[in-house]
Amino acid sequence: MHSDAVCSPEDKSSVLSEIWGDGGGDRRFSKYPRIPVKELEKLRLRSDDPLDRYLEASKVDARKDDVVARLKADAEAGSVPAQELWSQYSKVPDWVDWERVKRGQRVFWLNAPPITFLLLHFTLIFGVAAPKINKVLTATGYLSRPTRVTFQRLLETTHWVLSCMADDGLREGSTGWEGCIRVRFLHASVRARLRNIAKTNPQLYNEAKLGIPINIEDMITTILGFAVGPLERLPRLGFYVSKAEREDFCHAWRYIAYLSGIPEDVNPLAKGADYSVSFEGSIVLHSCHPDDSTIRLAQALLTGMSYGAAELSSDHKATFELISGSRSTLPASVPVDPVTFEHRRLRFYGFYSQLTRIILNNKYCDFLGLPKKKIGWVEWAGAYGVLMFFAVLTKICRMLPFMRTWLINRNRSVLTRVIAAVLREKDPKFLLRYEPTPEKMREE
Ligand code: HEM
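Draft legend 1. Region of the structure containing the overall build of the protein chain. Each helix and strand counted, the protein chain has 22 helices and 0 strands in total. Over its C-alpha atoms the protein chain spans a radius of gyration of 21 Å, differing by no more than 12% from the 22 Å that the globule rule assigns to 444 residues. Judged by the C-alpha coordinates and their principal axes, the protein chain covers about 60 × 50 × 50 Å. Here the protein chain holds 444 residues, and 44% of them are scored as buried.

Encoded structure:
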């Protein structure tokens, strides 16, 4: 276990010092001061109360119930906790400006390829620098084991992001809107189970030390990772984002945060992009102290991705046709010789490692144990090439309105088609599939 002192991002010798400096370092606090640790600690003791209350009262089963239909029916039948929760969904808050939401969604589609890379290589791989969050992730095995399931879950999260970014994707009844509610139930169910386990096994989850599982600080960290993380890193990769675009993007995410259960009174996105960047800085200093769990999770994510990518590329003709639009589904996967498969998987692992190095710099990646000299030149050039290709394409397309619209539509159709095909056209239901158990927690 590495001590906090060694890993504090402000410490020049720390593994996070490069990332911290690259993200603006202490300049993040020039406009808005750093949030006192005491304030952040308070957020760790705050939960998603309306949902916890409803879950407790209704005994909804997140493993099999259609939680949205149940909630609506219970509210209509007069259940008070259901009505309290449903009132957040049945009326759109006054501050939601649909035109701005739409503009924010278009910022996403214009930059969708690099944002998708950033969500994995920045938001997630850097996200696991927070050991207290990792404790919850490893309790369910969520993202912490390097298998095909990890890939599946990453795809489902991407599907959720894409559905939130779809036209009218956040309007009542849409896939994105429903997805936010379902994921909120998923989180609350994990929280309830973990708290239950902690009652009889305090050594497995110490709430006084770690905070409530999936508490408000951790939820804010995660949502800022989705919203502000890409905004901060895009310019460093050669993608221009205007001030107005930053604000619109944050407005769309502010509403997603609201739908996901982050109380509006503490949602940094309500105070705009600069405030959110500064808030994220305070949280990084407070929560990010990478340790062994960071290495394990980051490796599991990259390895899981490489499994999925190797599987997809075993039928590269079909994958290419899918991307180009000449087909919309993938044929059933065929068995591949294990040696060839492993060879291919390692190449993807190298490619993803190089992308992570470009995005997160060397110090942190060395700490994670990512290869450097062992990365083949094809993977190395592929990682730079793909980012440069999209940077140049986006720069050119931004110049003329009709090309901008073309790129937005193109990115939208390719990504939506590819994710749907790889998920075999099954929209994720976000049912609780991997419950935390004392056994799993002891194993970790
Ligand atoms: C508002 C912020 C957050 C968002 C938008 C978010 C998003 C998501 C999404 C889309 C899924 C479903 C993925 C799938 O089907 O595989 C998911 C599942 C999950 N999330 Fe979050 N998440 C947030 C915060 C957190 C935090 C802070 C933690 C942990 C401390 C966490 C832990 C989990 C776990 C354990 C699951 C998997 C549950 C299961 O399937 O068994 N999430 N989250």
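Alright, that's what it looks like, and here's the rest.
Draft legend 2. The arrangement of the site of the ligand in detail. Near the ligand lie 25 residues; those nearest to it are V136, R153, E156, D218 and T222. At the level of elements, α9 (131-140), α10 (148-165), α11 (175-200) and α13 (216-233) are the ones that each hand at least two residues to the shell around the ligand.

Draft legend 3. Looking closely at helix α8 (residues 112-127). Of all the bends found along α8, the most pronounced is centred on L118 and spans about 35 degrees. With 13 of 16 residues buried, α8 is to be regarded as a mostly interior element.

Draft legend 4. Spatial organisation of the nonpolar core. Ranked by internal contacts, the top residues of the largest apolar core, which has 110 residues, are I223, A227, W253 and I256. For W253, the contacting residues outside a window of four places in its chain are I223, F226, A227 and L269.

Draft legend 5. Examining helix α7 (residues 98-110) more closely. With 13 residues, α7 should cover 18 Å at 1.5 Å per step; its first-to-last C-alpha distance of 18 Å lies within 8% of that length. The set of residues buried in α7 consists of V101, G104, Q105, R106, V107, F108, W109 and L110. For α7, the secondary structure elements touched by its buried residues are α8, α10, α14 (243-259), α20 (377-399) and α21 (401-422).

Draft legend 6. How the structure looks around the UniProt feature "transmembrane region" (unreviewed entry) in the protein chain. If you check UniProt for "transmembrane region" (unreviewed entry), the listed places come out as residues 108-130 and 375-394 in our numbering. Across residues 108-130, the secondary structure splits into 83% helix and 0% strand, with the terminal C-alpha atoms separated by 26 Å.

Draft legend 7. Local environment of the packing of α8 against α13. α13 packs onto α8 with a crossing angle of 125 degrees between their chain directions and a minimal axis gap of 9 Å. Taken as axis vectors, α8 and α13 run oblique relative to one another. Remark: the crossing between α8 and α13 carries right-handed chirality. Here α8 contributes I115, L118, L119, F122, T123 and G127 to the contact with α13, which in turn contributes T222, G225, F226, G229, P230 and R233.

Draft legend 8. Summary view of unusual backbone geometry. Unlike most non-glycine residues, I214 shows phi in positive territory, near 50 degrees. Assignment of secondary structure puts I214 in the loop between α12 (207-210) and α13. Note on I214: 21 C-beta atoms within 10 Å, which makes it buried. Positioned with a positive phi, N361 is a non-glycine residue whose angle comes to about 70 degrees.

Draft legend 9. Focus on the confidence of the model for the protein chain. This prediction gives the protein chain a mean pLDDT of 92; 97% of its residues lie at or above 70. Contacts from residues 1-6, a stretch scored under 50 in pLDDT, to residues over four places away or in other chains number 7 contacts.

Draft legend 10. Inspection of the environment of E425 at higher detail. Tracing the sequence through the fold places E425 in the loop between α21 and α22 (438-443). E425 sits in the exposed class, given 10 other C-beta atoms within 10 Å. Sequence separation of E425 and F117 is 308 residues, and the distance between their C-alpha atoms is 22 Å. In contact with E425, not counting residues within four places along its chain, are T329 and A420.

Draft legend 11. Spotlight on the environment of D22. Counting through the fold element by element, D22 comes out in helix α2 (residues 17-22). Given 14 C-beta atoms within a 10 Å radius, D22 is considered partly exposed. Placed 339 residues apart in sequence, D22 and N361 show a C-alpha to C-alpha distance of 9.0 Å. Not counting chain neighbours up to four residues away, the residues in contact with D22 comprise R236 and N361.

Draft legend 12. Seen up close, the packing of α10 against helix α16 (residues 292-313). Here α10 crosses α16 at 90 degrees, and the two axes come no closer than 7 Å. When the interaxial angle is binned, α10 and α16 end up roughly perpendicular. Contacts between α10 and α16 involve R148, T150, F151 and L154 from the first element and A300, L301, G304, M305, Y307 and G308 from the second.

Draft legend 13. Spatial organisation of the environment of F239. As for its placement among the helices and strands, F239 is situated in the loop between α13 and α14. Judged by the 22 C-beta atoms lying within 10 Å of it, F239 is buried. On a C-alpha basis, the gap between F239 and K395 in space is 7.1 Å, while along the polypeptide they are 156 residues apart. Setting aside anything within four residues of it in sequence, one finds F239 in contact with N111, P114, L234, A391 and T394.

Basis of the calculations
- Residues numbered from 1 in each chain as written.
- Predicted model: local features only at pLDDT ≥ 70, side-chain atom pairs only at ≥ 80, totals over all residues.
- Helix = DSSP H or I, 4+ residues; strand = E, 2+ residues; numbered from the N terminus.
- Rg over C-alpha atoms; globule rule 2.2 N^0.38 Å.
- Buried ≥ 20, exposed ≤ 12 C-beta atoms within 10 Å, placed from the backbone.
- Near = placed C-beta within 6 Å.
- Bend = angle between axes of the 7 residues up to and from the residue.
- Core = buried A, V, L, I, M, F, W, Y, C linked by C-beta atoms within 7 Å.
- Contact = placed C-beta atoms within 7 Å.
- Expected span 1.5 Å × (residues − 1).
- UniProt positions renumbered as here; feature names shortened; annotations may be inferred.
- Axes fitted to C-alpha atoms, helices over the stretch in contact; angles between N-to-C directions.
- Parallel < 35°, antiparallel > 145°, perpendicular 65-115°, else oblique.
- Left-handed = near helix turned anticlockwise from the far one by under 90°.
- pLDDT = per-residue confidence, 0-100.

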